[in-house]
Amino acid sequence: MRIVDEPVRRGLAVRGPIPGDRRARAVKVTPQGAGVADAAHAVAGELAERMVTEMSPGERAQFGDLLMRVARPASTT
């Protein structure tokens, strides 16, 4: 829950009850949090484009494949 504390404190997410489970709490992104996530996604896209700008299309494809292999656990391949 510590991971969620900061976004909640900043108004980017809220905690709420889960019907039927008094111990669990749901975490929902606020409209402000969605805006921050959208902005971060746009910046990440721009950065990713700059990272591969000098790669050939084949190198970009290979780079993408390698990143997916690193990001995906071996058990799902």
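In this report, the structure presented in the accompanying data block is examined.

Reading the values: the criteria
- Residues numbered from 1 in each chain as written.
- Predicted model: local features only at pLDDT ≥ 70, side-chain atom pairs only at ≥ 80, totals over all residues.
- Heavy atoms only, no water.
- Helix = DSSP H or I, 4+ residues; strand = E, 2+ residues; numbered from the N terminus.
- Rg over C-alpha atoms; globule rule 2.2 N^0.38 Å.
- Buried < 20%, exposed > 50% of the residue type's maximum accessible area, 1.4 Å probe, protein only.
- Salt bridge = Lys/Arg side-chain N within 4 Å of Asp/Glu carboxyl O.
- Contact = heavy atoms within 4.5 Å.

Along the chain, the regular secondary structure elements total three helices and two strands. For a compact globule of 77 residues, the expected C-alpha radius of gyration is about 11 Å, and the chain comes in at 18 Å, more than 25% above that figure. Dimensions along the principal axes, computed over C-alpha positions, put the chain at roughly 55 × 30 × 20 Å. When the 77 residues of the chain are sorted by exposure, 9% land in the buried category.

With that settled, consider the pattern of salt bridges. Within this structure, the stated rule accounts for four salt bridges. When the shortest N-O distance is used, the salt bridge between Arg23 and Asp21 registers 4.0 Å. Arg60 is paired through a salt bridge with Glu49; the nearest N and O atoms lie 3.3 Å apart. Of this pair, Arg60 sits in helix H3 (residues 57-71) while Glu49 sits in helix H2 (residues 31-52), placing them eleven residues apart in sequence. The class for Arg60 is partly exposed, based on a relative accessible area of 31%. You can call Glu49 partly exposed: its relative accessible area is 43%.

Tracing the chain through its elements places Gly35 in helix H2. We classify Gly35 as partly exposed; its relative accessible area is 36%. Sequence separation between Gly35 and Leu12 is 23 residues; the distance between their C-alpha atoms is 8.9 Å.

Now for the side chain of Thr30. Within the element layout of this structure, Thr30 appears in the loop between strand E2 (21-29) and H2. The exposure class assigned to Thr30 is buried, which follows from its relative accessible area of 13%. Filtering out sequence-adjacent residues up to four positions away, Thr30 remains in contact with Gly11, Leu12, Ala13 and Val14.

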